[in-house]
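What follows is each chain in one-letter form.
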Amino acid sequence: MIETRIIKCRSCHQRTWVATTAETYQCIGCKSVRSLLGEEQSSRVFPSRGRRAKSNNNISRATANLKEEILPGSLASSERPTRKRALLCGVSYKKKYKLKGTVNDVKNMRDLLITDFRFPEECIRQLTGAKSNIFFYLLRIPDDELNYEETNPELKPTRKNIEKALQWLVEGCRSGDSLVFYFAGHGAQENDNDRDEIDGLDETICPTDFQVKGMIVDDYINSVIVRPLVAGVTLHAIVDACHSATMLDLPYVCNAKEKRWVDNNPPSADYKGTSGGLAICISACRDDQEVVDSSTLCGRATLTHNLIQEMKKNPRLTYGALITSVQNKIDNAIEARGIKTWFLRKLFRTSFSQEVQISSSAKFDIYQKQFKL
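A short tour of the structure in this document, coming up. Here the structure is a predicted model, which means the values were calculated and not measured.

Parameters and conventions
Residues numbered from 1 in each chain as written. Predicted model: local features only at pLDDT ≥ 70, side-chain atom pairs only at ≥ 80, totals over all residues. Heavy atoms only, no water. Buried < 20%, exposed > 50% of the residue type's maximum accessible area, 1.4 Å probe, protein only. Helix = DSSP H or I, 4+ residues; strand = E, 2+ residues; numbered from the N terminus. Pairing = 2+ DSSP bridges. Axes fitted to C-alpha atoms, helices over the stretch in contact; angles between N-to-C directions. Contact = heavy atoms within 4.5 Å. Core = buried A, V, L, I, M, F, W, Y, C linked by side-chain atoms within 4.5 Å. Salt bridge = Lys/Arg side-chain N within 4 Å of Asp/Glu carboxyl O.

**With respect to the pairing of strand β9 (residues 178-184)**
Inference 1: Burial within β9 is extensive, with seven of its seven residues counted as buried.
Inference 2: Where burial is concerned, the two faces of β9 agree: the one with Ser178, Val180, Tyr182 and Ala184 and the one with Leu179, Phe181 and Phe183 are both buried.
Inference 3: Pairing of strand β7 (residues 84-90) with β9 involves seven bridges; the strand directions are parallel. In the sheet register, Arg85 faces β9, and the bridge partner there is Leu179.
Inference 4: One ladder, built from seven bridges, connects β9 with strand β13 (residues 234-240); its direction is parallel. Across the sheet, Phe181 pairs through a bridge with Ala237, a residue of β13.

**Quick word on the sheet that holds strand β11 (residues 201-205)**
Inference 1: With antiparallel pairing, the three strands of this open sheet are ordered in space as β10-β11-β12. Either end of the sheet is taken by a strand with one partner, and the two such strands are β10 (187-191) and β12 (216-217).
Inference 2: Alignment of β11 against β12, held across two bridges, turns out to be antiparallel. Bridged to Thr204 within β12 is Val217.

**Re the sheet that holds β9**
Inference 1: With mixed pairing, eight strands are arranged side by side in an open sheet as β8-β7-β9-β13-β16-β17-β14-β15. Two strands in the sheet have a free side with no partner beyond their single neighbour: β8 (124-127) and β15 (261-263). Between one strand axis and the next, the sheet turns by 15° as a mean value, whatever way the strands run.
Inference 2: In the packing of helix α2 (residues 102-115) onto the sheet, contacts are made with β7, β8, β9 and β13, and the angle to β7 comes to roughly 165°.

**Regarding the nonpolar core**
Soluble, globular proteins show a tendency: their nonpolar side chains are buried together.
Inference 1: Ranked by internal contacts, the top residues of the largest apolar core, which has 41 residues, are Leu88, Leu113, Phe119, Leu322, Val356, Ile358 and Phe371.
Inference 2: Listed by contribution, the elements that provide at least two residues to this core are β7, α2, β9, β16 (278-283), α8 (303-313) and α9 (319-334).
Inference 3: Sequence-distant contacts of Ile358, that is, excluding residues within four places in its chain, are made with Tyr252, Val253, Cys254, Trp261, Ile280, Cys281, Ile282, Tyr319 and Ile323.
Inference 4: Val91, Leu99, Leu155 and Leu250 belong to the second largest nonpolar core, which has 37 residues in total.

**With respect to the pattern of salt bridges**
Inference 1: Per the stated rule, a full pass over the model turns up 12 salt bridges.
Inference 2: Asp177 is the salt-bridge partner of Arg83, the closest N and O atoms lying 2.9 Å from each other. With Arg83 in the loop between α1 (56-64) and β7 and Asp177 in the loop between α5 (159-170) and β9, the pair connects residues that are 94 residues apart, well separated along the chain.
Inference 3: Its relative accessible area of 3% is what places Arg83 among the buried residues.

Below, the structure is given as structure tokens:
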């Protein structure tokens, strides 16, 4: 029997099983060959069944050819456990476009993924530009992590960084993987020039530098994180933004109130599906709607706030039960009694209506399929 241990790469943070007697190894993530001196490893040593290696060189070659990724805390098994990876973007903007609560939403979503869905911390990438939300960070996370977030320009939610992170999210995906894309920020629309939108408008997300670098269009998002999904891979996107129902350009849309699938395939007949995997997106509203500002109703009407509450309260909900419950809570918050909400409802009645949406690359029974990340 060969004793093995888990080594964490210092460059890409990928974890790899190697023999305890090996002196070097090749990372299965970035493919770099490294010495084992100084590498982080697990405190457990696992005996593995198989032929005894004749030399350290044979062991090194065996680990270099290793194709499987083992998540932190996993034991050796004949089946590869699910790999989980998440990209969380919260954009607060500046001046007249400023949004409150988006960084807080990212932190809460991160906590949910780690504590309730067992996502490894090192497999979650955050883009928040958290410097303007320093008080929240001081209260909730260690100082060293705060400083890293503030000083690293690669972790700002710029267009370049978001597009790069979207590519990272699906890179090397394989059967059994569970991926999550979360975005909290401004959503918008622009004229569709390639005739693949039923309403003639492309949906977009706005990075922090959208006024200079431009917005990220749904066509791009679909091509980067939907099309590459191979059989057995599941992607969940949660988009808490205006005009977000078809932000991933998925072929089918289901309204939380109408509870039926609607065909969203493009008039141009372009293929917008996956390469065999499943993509599901939960969005805050229809494409023609705007989201209620979270600061108006103390955050009680946001998709993120209510989605997290429901998932924590009942982790076994179906997709249908989940979005129905979230929709009811949003409606109750909008219709809540009070001078401020009453006045705003009367003045901006149309902007105080939002319907939670599910879109998918394939139809399924939303009241039979359990929500699972």
